[in-house]
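The residues making up each chain are set out below.
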Amino acid sequence: MTINEIKTAFFNALSNVAPEIDLEGLDPDQDLRDAFDLDSMDILNLTIELHETLFVDIPEADLPKLTTAAGAVDYLVSRLA
Amino acid sequence: MAEFRMPSLGADMEAGTLVEWLKAPGDIITRGDIIAVIETQKGAIEIEVFESGELTELLVKPGTTVPVGTPIAVINSGEPETEVEHPQVVLPKIPPPQAASTPSPEPEMPPYRTVKVSPAARRLASERKVDITKIAGTGPGGAIISKDVIANVSIQPRGLDLAEMRKAIAAAMARSKREIPHYYLSHTVDLTQASEWLVQTNADRLPAERLLMGALFLKATALAIAQRTGFNGHFTDGAFQPSGPVHTGVAISIRGGGLVSPALRDTNTLTLDNLMVKMRDLVNRARQGRLRSSEITDATVTISSLGERGVERLYGVIYPPQVALVGFGRVTRKPVVVGDAVLPRPTVVVTLAADHRVSDGQAGARLLADIDTLLQKPETL
């Protein structure tokens, strides 16, 4: 799986969880929770989506690594390598 | 033969607009089936029926706004009719002019309009169910680009009209502050046990099976509420009508500024796993504006949890005709005295807003103490 495919999968998952997010204007380094008002249920839904689409299990302890879009993509790339 | 009427989904609702019929004449329906979608101030609501039988007639066309109590469909429940031989005659048809009182939901469009739409925008519009013929483009030559579709999605978050929702909140909360003599209590609960148990429990679970602290709060509160009188039920017609089952209204915030508290039924009897599944479903549907009529009316007490990003303490406003609201602030690490030591511990402040016409601070204090006790034994929830 290429980095671009992982990126697309992440943004699709994010977009399903919070359809209001303007992905084109997304700053990859901003805190997703603060920027888009994501709560713990949203983050859980995001990890469920990623598990279903990328078959990657994200342990709860790793959730802080999904704080920013850039960090999340890096993390997923490392998990899927 | 029974008339199915436009239901009242709260004291502030006067009329509803029929959006869509989900059943057709001739269909056999069972109590609890969803037969239609109506548009209200709380968003699009799926309407359940209270009878079983054959749906024989639809009396209201989609797009029509009718007052609460207006017959909108006829259900043949199969019971022998004695007094009504010609039911068709006694059923008032809704005259089509009703529709004229509200703007038609489908304004007439010119038969053909040349609009440039970028392929990405077209795909996005179809995914997000945005009608591309009704938005303006800001791209070259007025073309619709992704940004325009996104802008439209955020204005209208899927069947939810946030301005209307604000009016509904205002009406309910003004009534609450006018009629309900609130009293408030608060109590700090040490969550060390609950947090450790949650981490252990979730460690070997796949994401879809994990539990959130919010589920523990809901279950502990529902169990405590079920053991006490004076917090679970409705205050109507000058008297408190206690409820046996605990149907917790779960306060759910809507991104963009809105709040709805649909009922999660029989919270005290659900397993944590089951409760979690229902909570996820409820949050998702609330945010999409797809709640059911019973979920709007059935809550017997409300629980509001600020989650990870809120503040420490919330002061609830009771949702009438309920008589209590239990609030949970953000889970915060605080110094706690344990024996002779001061240790950093995860804590949460639990608050109670309750109705003094029904209960007193003494009983309220015991309720909060019960919630504390239950949260110290998360494995028993």
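Residues numbered from 1 in each chain as written. Chains lettered and ligands numbered in written order. Predicted model: local features only at pLDDT ≥ 70, side-chain atom pairs only at ≥ 80, totals over all residues.

Visitor: Got a minute to help me understand the overall build of chain B in this structure?
Guide: On a plain count of helices and strands, chain B comes out with 10 helices and 20 strands. Residues classed as buried in chain B amount to 38% of the 381 residues present. Partitioning the contacts of chain B with sequence separation of at least 6, the portion at a separation of at least 24 is 64%. (Helix = DSSP H or I, 4+ residues; strand = E, 2+ residues; numbered from the N terminus. Buried ≥ 20, exposed ≤ 12 C-beta atoms within 10 Å, placed from the backbone. Contact = placed C-beta atoms within 7 Å.)

Visitor: Just checking my understanding: could you explain the nonpolar core for this structure?
Guide: One recurring pattern in soluble globular proteins: nonpolar side chains tend to sit buried together. Residues and elements named next belong to chain B. Among the nonpolar cores identified, the biggest contains 103 residues, and Met279 and Ala324 are the most heavily contacted of them. Built from parts of two domains, this core gets at least three residues from each of domain 1 (2-100) and domain 3 (162-380). Ignoring any residue separated from it by four or fewer positions in sequence, one finds Ala324 in contact with Phe231, Val301, Ile318, Leu352, Ala353, Ala354 and Asp355. (Core = buried A, V, L, I, M, F, W, Y, C linked by C-beta atoms within 7 Å. Domains from an automatic or database assignment.)

Visitor: What is the right way to look at helix H4 (residues 69-80) of chain A in this model?
Guide: Owing to its 3.6 residues per turn, the α-helix brings residues three or four apart onto one side. All names here are of chain A. With 12 residues, H4 extends 16 Å from end C-alpha to end C-alpha; this agrees with the ideal 16 Å at 1.5 Å per step. Restricting attention to buried positions, one finds in H4 the residues Ala69, Ala72, Tyr75 and Leu76. For H4, the angular spread of the buried residues around the axis is 125 degrees, confining them to a single face. On its buried face, H4 sits against helix H1 (3-17), helix H2 (32-36) and helix H3 (40-54). (Expected span 1.5 Å × (residues − 1). Arc of directions from axis to C-beta.)

Visitor: Looking at this model, I keep getting lost on the packing of H1 of chain A against H3 of chain A. Mind explaining?
Guide: Any two packed helices are characterised by the angle at which their axes cross and by the distance between the axes. Residues and elements named next belong to chain A. The geometry of H1 relative to H3 is characterised by a closest axis approach of 9 Å and an angle of 140 degrees between their N-to-C directions. Put simply, H1 runs oblique to H3. Where H1 crosses over H3, the handedness of that crossing is right-handed. On the side of H1, the interface is formed by Ala9, Ala13, Leu14, Asn16 and Val17, while H3 contributes Asp42, Asn45, Leu46, Glu49, Leu50, Thr53 and Leu54. (Axes fitted to C-alpha atoms, helices over the stretch in contact; angles between N-to-C directions. Parallel < 35°, antiparallel > 145°, perpendicular 65-115°, else oblique. Left-handed = near helix turned anticlockwise from the far one by under 90°.)

Visitor: Can you walk me through unusual backbone geometry in this structure?
Guide: A negative phi angle is the norm for most residues apart from glycine, just as the trans form is the norm for most peptide bonds. A cis geometry characterises the amide bond from Pro320 of chain B onward to Pro321 of chain B, with omega recorded as 10 degrees. For Asp37 of chain A, which is not a glycine, the phi torsion comes out positive at approximately 60 degrees. Among the structural elements, Asp37 of chain A can be located in the loop between H2 and H3. Residue classification places Asp37 of chain A among the partly exposed positions, given that 17 C-beta atoms sit within 10 Å. The backbone of Phe55 of chain A sits at a positive phi, close to 55 degrees, despite the residue not being glycine. Among the secondary structure elements, Phe55 of chain A is positioned in the loop between H3 and H4.

Visitor: Would you take a moment to explain the interface of chain B and chain A for this structure?
Guide: Interface size is commonly expressed as the accessible area that is lost once the parts come together. Taken residue by residue, the interface counts 22 residues in chain B and 17 residues in chain A. Sorting the residues of the side of chain B that touches chain A by element identifies helix H4 (146-155), helix H6 (192-203) and helix H8 (272-288) of chain B as the ones contributing at least two each. In terms of residue count, H4 of chain B provides more of the side of chain B that touches chain A than any other element does, five residues in total.

Visitor: Would you take a moment to explain the sheet that holds strand S4 (residues 34-40) of chain B for this structure?
Guide: Think of a sheet as strands paired side by side through backbone hydrogen bonds, with each pair either parallel or antiparallel. Residue and element names in this part refer to chain B. The five strands are arranged S7-S2-S4-S5-S16 in an open sheet whose pairing can be described as mixed. Each of the sheet's edge strands pairs with one partner strand only, and the pair in question is strand S7 (65-67) and strand S16 (291-292). Relative to S7, strand S2 (residues 15-21) runs antiparallel, the two being bridged by three bridges. Residue Gly16 lies in a different strand from S7, and its bridge partner there is Val66. (Pairing = 2+ DSSP bridges.)

Visitor: What's the story with the pairing of S2 of chain B in this structure? I'm lost.
Guide: Strand residues, when the strand is regular, have side chains that alternate between the two faces of the sheet. Direction of pairing for S2 of chain B relative to S4 of chain B: antiparallel, over a ladder of four bridges. Residue Glu20 of chain B lies in a different strand from S4 of chain B, and its bridge partner there is Val37 of chain B.

Visitor: Which parts of the structure should I look at to understand the packing of helix H7 (residues 213-227) of chain B against H8 of chain B?
Guide: Residues and elements named next belong to chain B. At a minimum axis distance of 10 Å, the contact between H7 and H8 shows a crossing angle of 115 degrees. Regarding the angle of H7 to H8, the classification is roughly perpendicular. Remark: the crossing between H7 and H8 carries right-handed chirality. Packed against H7, whose contacting residues are Ala215, Leu218 and Lys219, the element H8 presents Leu272, Leu275, Met276 and Met279 at the interface. Counted by class, the contact of H7 with H8 contains six nonpolar, no polar and one charged residues. (Nonpolar A, V, L, I, M, F, W, Y, C, P; charged D, E, K, R; others polar.)

Visitor: Help me understand the environment of Gly214 of chain B in this model?
Guide: In this fold, Gly214 of chain B is placed in helix H7. We classify Gly214 of chain B as buried; it has 23 C-beta atoms within 10 Å. Sequence-wise, Gly214 of chain B and Met276 of chain B are 62 residues apart; in three dimensions their C-alpha atoms are separated by 8.8 Å. Not counting chain neighbours up to four residues away, the residues in contact with Gly214 of chain B comprise Ser40 of chain A together with Ser305 and Gly307 of chain B.

Visitor: I'm lost on the confidence of the model for chain B in this one. Help?
Guide: Low pLDDT marks regions whose predicted coordinates should not be analysed in detail. All names here are of chain B. Overall, the prediction assigns chain B a mean pLDDT of 84, with 82% of residues at 70 or greater. Note on residues 81-114: pLDDT is under 50 here. Beyond four places in sequence and across chains, it has 28 contacts. When the criterion is pLDDT under 50, residues 154-158 qualifies, and its contacts beyond four places in sequence or with other chains add up to six contacts. Scored as a whole, the predicted complex attains pTM 0.75, and scored at its interfaces, ipTM 0.89. (pLDDT = per-residue confidence, 0-100.)

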